[in-house]
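Now for the letters of each chain:
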2 protein chains.
Amino acid sequence: MTQAPLRLGIAGLGTVGVGTLRIVNRHAELLAARAGRPIEITAVSARNRDKDRGVSIQPFAWEDDPVALARRDDLDVFVELMGGADGPAKAATEAALSAGKDVVTANKAMLAINGQSLAELAEENGRVIRFEAAVAGGIPVIKALTEGLAGNQVTRVMGVMNGTCNYILTRMENEGLSYDEVFDAANQLGFLEADPTLDVGGIDAGHKLALLATIAFGTKVAFSDMVLEGIERITIEDIEQAADMGFRIKLLGVAQMTPRGLEQRMQPCLVPAASPLGQLEGATNMTVLEGDAVGQIVLRGAGAGEGPTASAVMGDVMDIARGFRTPTFGRPASGLADSVPAQTAIPAPYYLRMSLVDEPGALAKIATVLGEQGISIDRMHQYGHRQDSAPVLFVTHKTDRASIDASLAKMGDTGVIASAPVAIRIEDV
Amino acid sequence: MTQAPLRLGIAGLGTVGVGTLRIVNRHAELLAARAGRPIEITAVSARNRDKDRGVSIQPFAWEDDPVALARRDDLDVFVELMGGADGPAKAATEAALSAGKDVVTANKAMLAINGQSLAELAEENGRVIRFEAAVAGGIPVIKALTEGLAGNQVTRVMGVMNGTCNYILTRMENEGLSYDEVFDAANQLGFLEADPTLDVGGIDAGHKLALLATIAFGTKVAFSDMVLEGIERITIEDIEQAADMGFRIKLLGVAQMTPRGLEQRMQPCLVPAASPLGQLEGATNMTVLEGDAVGQIVLRGAGAGEGPTASAVMGDVMDIARGFRTPTFGRPASGLADSVPAQTAIPAPYYLRMSLVDEPGALAKIATVLGEQGISIDRMHQYGHRQDSAPVLFVTHKTDRASIDASLAKMGDTGVIASAPVAIRIEDV
């Protein structure tokens, strides 16, 4: 081994940081054989130096300040595992790039909000930012999209990329439990972020989708343009009705370039139960990449956890050790186009559920509203008649979200709606 | 664009070659933006210059001899799409490497047989051989394993990697047809290789598995050590019996490092119908990668065809254009260990089906043979009694193949076997 070691500085020693330490310790010889040079950790930084992490940090230099760590002369790669869109993570990343270090990060929020400026800073300094661990945990989807599918015009990217949401939806279905019951259980198990909205509101998964869309379509990261809808309003009734029709409800991200601009949605959707996305159970993640040459590629794996996320961090480290210099989003940041958000999503069938007051002509009034908005009905199903109301379910033919929203507003004026209608898109996956 | 173009010479203008031409023509601007330099085709070679391929080869220089193409001064990458383990493909690949060209190939047979010597030749000349298109078509599995999972000790690699076999088995199950009926239909549709044994005998898929095993375990390619068993003996009866128990039969490749050495098998297996592998229908491919950090990653996509395979070729071309220099099998060829084949596979439950002559005590004799070999029975099922014989099905507890083979031999001596027993491994996927 004649080559110089690749020297890492790791900021953030939570689950993923500790996982990364463990891999470097455990596989020193294997990593060196594969990279052609040793991988070494020089220095670390975290909030608490003395916490027992189950792994010794004695061999490494310590910095209280991640910015100071990022600027150390004795490291080649700054590994940012602190999290947070701004604050110390961003300051240290900027310091590292300016000091001529490459950056490996698991920080989806930072890149979804500040990705363009950071990518530009990296290029000004001839450095790379790699972020495989930021999207779908251990699944090498950034690599597959940026490199493996580099010969394709990407046509669509989809993903179930928040394990907590998929765990909640799967458990509701399997055990017939309400959203609130499973949410509380998940919270007690420590599955949820400190701010649960990041998970169940779709924000965390939306950050990931925005990064995939940038690579796929060559547009600047545009998280603020994303249609975001969480799973909080999904009921066990919706899940069961969907199942009866051969569907499952997933928090599904979809990004595609349309003639009207870039469509980015992270929202609950009905998908066929027999499709790979429909079959996905528990906290597992799945991404679906579609290209004009390759057709559809499906990637499945653990979306979080010490081992899988550290595996992704180390994949990036190994690329850098091997001398790969991939631009942050697969092409120079200066060449990324401004993203034009699509005003209206590609039409799709919709699932509509509502309760009608129990009076003659109620159903006719609703059907009339739908007809007036140009929405035609594929299937209608009245079920489980209750005391004063009748639950009704419609599956529409293809229509757009604007027509659905307009019809929902008009339904409110009919006086026959007993409970607020639910509308969920049926995605053709 | 100030960088010099990457110049390709393509040998072989069948489906994949034409697909590669089409991508380079169609996406010139996109490829240049992503690679940071133009991708150009300089020269081509094929058996017949005048064949109508639906795409013009007028813009490119022509060579009758692929070796002459490989040596041309005006190309950087030799793209080998001729096929064949030896002969012109190998000669031209060697010529290209010796002349200082990188090589991109879709040729699994050539690498499974001659991979070690070619990888050594590449390194002597400071060149790379990339072969994403050789394994599982458009799925970027070589990249995922070599690069994305480079931080893992790989524990197991599995795959359904021959689309024709999976098509035959799926269609048998879905339509209740015999192997011969579906084989003939597949042959008429042009799905089979000129020598169908390459497909249905498991050889083609075995070549692919041997390449994955080399990357995964750092051992020299050892295709000749692989346990190979085709799908020719699978009956619709086996498929239906397996389905009744919640299994599907797949031509499944499994490679794993055991304390006794490297286990490599490509053979029909029972897998749970609800597993990702069990759910795989038709000609689609699936690879499963397992690592000590990442857990299980599943990759699914088209395993063949113009677009998917050309997508993989172009992924490799783009890597080379971006300056990535991955060693052929993920580490220097000189560092690959000699492979020690495992003498006995890791124990597994087995599915055993046979017909017994209709006489008292027949079943007891078979059960005795199994017991004498130390094989314990998990389930036994006698079904569909026929004129002079009784079909019987056993599911054993975990045992090894040697015990199964010994018991099958002894059953022949009992005089109660009416038709040759079938033994299929049940894989824990």
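See the structure shown above.
Residues numbered from 1 in each chain as written. Chains lettered and ligands numbered in written order. Predicted model: local features only at pLDDT ≥ 70, side-chain atom pairs only at ≥ 80, totals over all residues. Heavy atoms only, no water.

Looking at the side chain of H27 of chain B
Going by this rule: Each helix is a run of DSSP H or I of at least 4 residues and each strand a run of E of at least 2, with the numbering of both proceeding from the N terminus. Here's how the labels work: a residue is buried when its accessible area is under 20% of the maximum for its type, exposed when over 50%, partly exposed in between, all with a 1.4 Å probe on protein chains only. Polar contacts, as counted here, are pairs of nitrogen or oxygen atoms within 3.5 Å of one another; within protein the pair requires one atom able to donate a hydrogen and one able to accept it, and residues that are adjacent in sequence qualify only if both atoms are side-chain atoms. Should any heavy atoms of two residues lie within 4.5 Å, those residues are considered in contact.
Within the secondary structure, H27 of chain B is located in the loop between helix 1 (15-26) and helix 2 (28-35). Taking relative accessible area as the criterion, H27 of chain B reaches 4% and is therefore assigned buried. One polar contact links H27 of chain B to R26 of chain B, side chain to side chain, over a distance of 3.5 Å. Look past the residues within four positions of H27 of chain B in its chain and what remains in contact with it is G151, N152, Q153 and D292 of chain A.

Considering the relation of the copies chain A and chain B
Stated precisely, the cut-off is as follows: In superposing the copies, a least-squares fit is computed on C-alpha atoms, taking residues whose pLDDT is at least 70 in both.
The transform that puts chain A on chain B rotates by 180° and translates by 0.0 Å along the axis, for an RMSD of 0.0 Å. Such a turn and shift between the copies fits a two-fold axis. A share of 100% of interface residues in chain A that are also interface residues in chain B marks the association as one of identical surfaces.

Focus on the nonpolar core
Soluble, globular proteins show a tendency: their nonpolar side chains are buried together. Our working rule: Take the buried residues of types Ala, Val, Leu, Ile, Met, Phe, Trp, Tyr and Cys, join any two whose side-chain atoms come within 4.5 Å, and each joined set is a nonpolar core.
By size, the foremost hydrophobic cluster in this structure holds 170 residues, and its most contacted members are I168 of chain A together with I168 of chain B. What I168 of chain B contacts, discounting residues up to four positions off in sequence, is Y179, V182, F183, A186, V200 and I231 of chain B.

Details of the interface of chain A and chain B
Defined as follows: The term buried area denotes the loss of accessible surface (1.4 Å probe radius) that occurs when two parts are joined, taken as the sum for both partners. Salt bridges, as used here, are contacts in which a Lys or Arg side-chain nitrogen is within 4 Å of a carboxyl oxygen on Asp or Glu.
Taken together, the contacts link 48 residues of chain A with 48 residues of chain B. Of the roughly 3900 Å² buried between chain A and chain B, counting both surfaces, carbon and sulfur atoms make up 53%. The largest contributions to the chain A side of the interface with chain B come from R34, R300 and R322 of chain A, which together make up 16% of the buried area. Seen at the junction of chain A and chain B, the total is four salt bridges.

A few points about the pairing of strand 7 (residues 154-160) of chain A
Residues and elements named next belong to chain A. Note the cut-off: Think of it this way: DSSP has to see at least two bridges between two strands before they count as a pair.
Buried residues dominate strand 7, accounting for six of its seven residues. Relative to strand 11 (residues 284-291), strand 7 runs antiparallel, the two sharing six bridges. If you follow G159 over to strand 11, its bridge partner there is T287. Sheet topology note: the strand 7/strand 9 (residues 247-258) ladder contains three bridges and is antiparallel. Looking at the pairing, G159 lines up with G253 of strand 9.

Brief notes about the packing of helix 1 of chain B against helix 12 (residues 306-321) of chain B
All names here are of chain B. What counts, and what does not: With axes taken as lines fitted to C-alpha atoms, and helix axes fitted only over the stretch in contact, angles between N-to-C directions fall between 0 and 180 degrees. Note on terminology: angles under 35 degrees are roughly parallel, angles over 145 are roughly antiparallel, angles of 65 to 115 are roughly perpendicular, and the others are oblique. Crossing chirality is assigned from the near helix's rotation relative to the far helix, an anticlockwise turn below a right angle marking it left-handed and a clockwise turn marking it right-handed. Side-chain classes are defined by residue name, with Ala, Val, Leu, Ile, Met, Phe, Trp, Tyr, Cys and Pro counting as nonpolar, Asp, Glu, Lys and Arg as charged, and the others, Gly among them, as polar.
At a minimum axis distance of 8 Å, the contact between helix 1 and helix 12 shows a crossing angle of 65°. Classified by the interaxial angle, the pair formed by helix 1 and helix 12 is roughly perpendicular. Considering how the two elements wind past one another, helix 1 and helix 12 form a crossing that is right-handed. For the pair helix 1 and helix 12, contact is made by T15, V16, V18, G19, T20, R22, I23 and V24 and by E306, T309, A310, S311, V313 and M314, respectively. Its residues assigned to classes, the contact of helix 1 with helix 12 comprises seven nonpolar, five polar and two charged.

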